[in-house]
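Structure assessment
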Amino acid sequence: MSVKVFKFHQLTFLLFAVTCLFTALPAGKLLGQDELTVALPQITRIEQSDANITIDGFIDEDVWKDLPVIDGMKVIDPDTLADTPYETHVRFFYTERGIYLSAMNFQPQETLMARMTSRDVRLERDGFVVAIDASGEGLYGFYLRINLGNSLTDATILPERTFNFQWDGPWLARTQALENGWSAEYYIPWSMMPLPQVDDVRKIGLYLERQVGHLQGEAWANPPLPGTVNQFLSAFESYELKDIEPRRQLTYYPFASGIYDGVRDESTYKVGTEIFWRPTSNSLLSASLNPDFGNVESDDVVVNLTAFEVFFPERRVFFLEGQDVFNTSPRTSGRAGPGGPISLLNTRRIGGAAIYDVPKDVDVVPTDLSQPSELLGAVKLTGQSGNWRYGTLLASENESQIGGTLDDGTEVTLNAVGRDFSVARLLYEDTSSGGRRAIGWMGTNLSHPTIDATAHAVDMHYFSADNRFVIDTQLMHSDVDGKTGNGFLGDVVFRPRRGLQHTVRATYIDDSLDINELGFLTRNDQMNLDYNFFQIESDAPGLRQRTTSLFFTNQWNTEGEPVRLGMFLNRGYNTLDNNTYDISLRYFPERIDDRLGRGTGDFKVEGRYGLNLGFRTNPADKLAFSFDLNLDQDELGPARTGATSGITWRPNDRFSSDLRLDYTDREALLVHQGSGAYTSFEAHQWAPRLEMNYFLNAWQQLRFTLQWTALKAFEDRFWQVDSQNLDFLQPVAKPSEESDSFTISRLTFQARYRWEIAPLSDLFVVYTRGSNLPTDSFETFQDLLVQSWTDRVVDTLAIKLRYRFGS
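First, a word on scope: everything that follows refers to the structure included in this document. For clarity, every value in this text was computed on a predicted model and none was experimentally measured.

Thresholds applied
All residue numbers here refer to positions counted from 1 along the written sequence of the relevant chain. Thresholds applied to this predicted model are a pLDDT of at least 70 for local features of residues and 80 or more for the giving and counting of side-chain atom pairs; totals over whole chains, interfaces and linings are not thresholded and use all residues. Derived side-chain values reflect all non-hydrogen atoms in the structure, with water molecules and hydrogen atoms excluded from consideration. Helix and strand definitions follow DSSP, with helices as H or I runs of at least four residues and strands as E runs of at least two, each counted in order from the N terminus. N or O atoms within 3.5 Å of each other form a polar contact, as long as, within protein, one can give a hydrogen and the other can take it, and as long as residues adjacent in sequence are counted only when both atoms are side-chain atoms. Contacts are assigned to residue pairs with any non-hydrogen atoms lying within 4.5 Å of each other. Salt bridge, as applied in this entry: a Lys or Arg side-chain nitrogen positioned within 4 Å of an Asp or Glu carboxyl oxygen. Remark: exposure states derive from per-residue accessible area (1.4 Å probe, protein chains only) relative to the maximum for the residue type, with buried under 20%, exposed over 50%, and partly exposed in between. For this analysis, a ring pair means two rings from Phe, Tyr or Trp (six-membered ring only for Trp) whose centres lie within 6.5 Å, classed as stacked if their planes differ by under 30 degrees, edge-to-face if by over 60, and tilted for the remaining angles. Pairs of strands are assigned from DSSP output, requiring at least two bridges between the strands. Distance thresholds for patches are 9 Å for like charges and 5 Å for nonpolar side chains (Val, Leu, Ile, Met, Phe, Trp, Tyr), applied to residues having over 30% relative accessible area and no salt bridge. Areas reported as accessible are Shrake-Rupley estimates using a 1.4 Å probe. Residue values count occlusion only from the protein chains shown. Helix axes are fitted only over the stretch in contact, all axes being lines through C-alpha atoms; the angle between N-to-C directions runs from 0 to 180 degrees.

1. Some details on the side chain of Gln-701
- For Gln-701, the position within the fold is in strand 38 (residues 700-720).
- At 2.7 Å, the side chain of Gln-701 forms a polar contact with the side chain of Ser-118.
- Residues within four places of Gln-701 in sequence aside, it is in contact with Ser-118, Asn-693, Tyr-694, Phe-695, Arg-752, Tyr-753 and Arg-754.

2. Things to note about the pattern of salt bridges
- Considering all chains together, one arrives at 35 salt bridges under this definition.
- As a salt-bridge pair, Asp-491 and Arg-331 come within 2.7 Å of each other at their nearest N and O atoms. Taken together, the positions of Asp-491 in strand 25 (residues 483-497) and Arg-331 in the loop between helix 3 (317-320) and strand 16 (362-363) put the pair 160 residues apart, joining distant regions of the chain. Arg-331 shares its class with Asp-491; the two are buried.
- A salt bridge links Arg-425 to Asp-459, with the nearest nitrogen and oxygen atoms 2.7 Å apart. Here Asp-459 lies in strand 23 (residues 451-463) and Arg-425 lies in strand 21 (residues 420-430), a separation of 34 residues in the sequence.
- A single network of salt bridges, built from pairs that share partners, joins Arg-586, Asp-632, Asp-634, Glu-635, Arg-640 and Arg-666.

3. Considering the packing of aromatic side chains
- Applying the stated criterion across every chain yields a total of 35 aromatic pairs.
- Centroid distance Tyr-207 to Phe-232: 5.0 Å. Interplanar angle 70 degrees. Geometry classified as edge-to-face. Of this pair, Tyr-207 sits in strand 10 (residues 202-212) while Phe-232 sits in the loop between strand 11 (218-222) and strand 12 (237-241); the two residues are 25 residues apart in sequence, bridging distant segments of the chain.
- On the numbers, 5.9 Å between centres and 40 degrees between planes, the contact of Phe-714 with Phe-778 is tilted.

4. Quick look at the sheet that holds strand 16
- Read across the open sheet, the 3 strands follow the order 16-19-20; overall the sheet is antiparallel. Single-partner strands in this sheet number two, and they are strand 16 and strand 20 (411-416).
- Pairing analysis gives 2 bridges linking strand 16 to strand 19 (residues 400-406), with the strands arranged antiparallel. Among the inter-strand pairings, Asp-363 is bridged to a residue of strand 19, identified as Thr-405.

5. Comments concerning a nonpolar patch on the surface
- Together, Leu-250, Tyr-252, Trp-277, Leu-285, Val-379, Leu-381, Leu-394, Trp-755, Ile-757, Leu-801, Tyr-803 and Phe-805 make up a nonpolar patch on the protein surface, roughly 950 Å² of accessible area in all.
- Every element with two or more residues in the nonpolar patch is listed here: strand 13 (249-261), strand 17 (375-385) and strand 40 (742-758).
- Accessibility expressed as a relative area gives 35% for Trp-755, which makes it partly exposed.

6. Concerning the sheet that holds strand 2 (residues 88-94)
- Strand order in the open sheet made by the 4 strands is 2-3-9-8, with antiparallel pairing throughout. In the strand order of this sheet, the two ends are held by strand 2 and strand 8 (172-178), each with one partner. Each adjacent strand pair in this sheet contributes to an overall mean axis angle of 10 degrees, direction not counted.
- Relative to strand 9 (residues 181-189), strand 3 (residues 98-106) is paired through 9 bridges, and the arrangement is antiparallel. Paired with Asn-105 across the strands is Trp-182, a residue of strand 9.

Set out below in structure tokens:
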């Protein structure tokens, strides 16, 4: 039996064992089975044949007239819970196929504010939100927003406010501007969401929210759930539905794509499909056959001279669908603190750069080594049974090839064997006694002839019935080619009252835990205890809102050395006209750097201070500005100054341009040169980013993006680690006549046309151009920009058509 098959059976056995263990535990009552006698309101049911609804934004069908009107909204942003100045009339009903909802948003016609944007762009404007707790128990839900002008935003929701905005759903909505305000219509199919198996009565939760652009983006909601309270998903308004059992769903997304590579002067073509089958209302089986996981969006251009990996989010539809069950901790998204996420599953590893064994006498193009791998296929199963949720993911890469050149000029071909990935997840959740309790397990495995890596985690979650305490913990174990490691995460959130939050975050990860073959971990070898105080005040005189945060970070390695210590005080002021002023004071006590040398010796870093000042005008204005000034110190003590300015222009609802310019001046940029030797540089970095969007209509978009990062570093002083004592870096003479000075210039340009033919059915035409100049190009910044555009290493034109068929 191969190692790959053995490891998969090992994961399957563990999943079975954990299932047996939890099944032996007493089964708590589901909230719907409790002996409560309180009757829930029922949503009106109408036969699909009688609905006769055209989703066009006009609320003119007869079916709407006899339905009850829901309003009752309160102001939640700012958090005043005041009555709203305008009425909002919401009506909804359901059929065997889905929920229909209409919203009449009353306000003066001259105050209407529509802004067309790409999907999931958050911006102050007129918008309406429907959020659904599909579980009926506050366990998982969906966030669906349409803005005046028909731009969409959607996300999945996990308790209590964990949003995944990378997810896109096949729901339908339209808006219309009217003389007395604006209206919206929704159709939300049952088939897009997992629904628990029930005998007769089904329970769901609904949350309604409205944003009013001309009131500086003020938000209203029913039920009123401001961001200053712990509850969100579990506090939606509960409703009953009867006589509904969604039919089985089979959806498939065939695609055809073609790419012309202007650098290599070659074309490639591909066809394939993704299949999503929902055999029951609470399970989903998905597969990708001959997948095309090439992105039609580019990642940000980043210059990383640190010892830590940069995290990039997932963008591929197949991996985003049904992915929430694999979320084991609030830190999975990286929002729990600095340093990026901590996650057993980072699907960007699947289809990443292949593992090549490059002989010493063979030269290869560096960009060829970083090219993504082709996948043979991927399969994923997610579902729910009672209090249990489960998921499994299998993926296999194809063999990869690149060209190389021997020292004598002979061309050779290098081959790389693809990797195999397997993931299993099991989660038990209980809400029977109020609040939420959950325990879960997840295992991952990567199999390859050169490496075999397995990781396991047990996660536990508690949300108190009085909504004041939230506790999340996780135990981790890894085994990479026989080398094992362990880790622990523990987060406690306490909210004694609305608007006030205390967070304590504990971490222990030994120096051999390794989850990065399929997960993401910035560093192992850490012991941390961090504290954060956060307060929002919505009753400050003359302000919409005032925020205060105090953060203490206390991070050590397992040798007992402090590697990151800091105290941060932040204050934010949001004025009545929605301008924002921010100030941040920082102090970093003396610490030890145990990573930059990559194992060649640790050294002390001086204590440092920092100050950040920020200003942003109302982002809903046609012309909006921002400016940030950062005054800091490098590791050796000299000043580091950074400034960021931005200007956004929206002359009308269809066009926008956004220009951001970053400049950093460093007096002592420290770079490791090997064997404990360092060079400090006087460095200057420019990083402009320009994005322009034009919408022919809400479904056809032209977008142009340009990102360029250029760094010029001039050698200044030379340093060496003290090999005998743990001390500060020691100054030394220049070790050689060869200069260490260098430049970095990287550019990415993309022009994209997107036509959304139907929900989740798109035609893309994308031109991408990129460069990465040699490190010895010491030109002016202007010349570097011109050269970066001319000396391309990426020059592709891609056309991709993807269409959704099925129920």
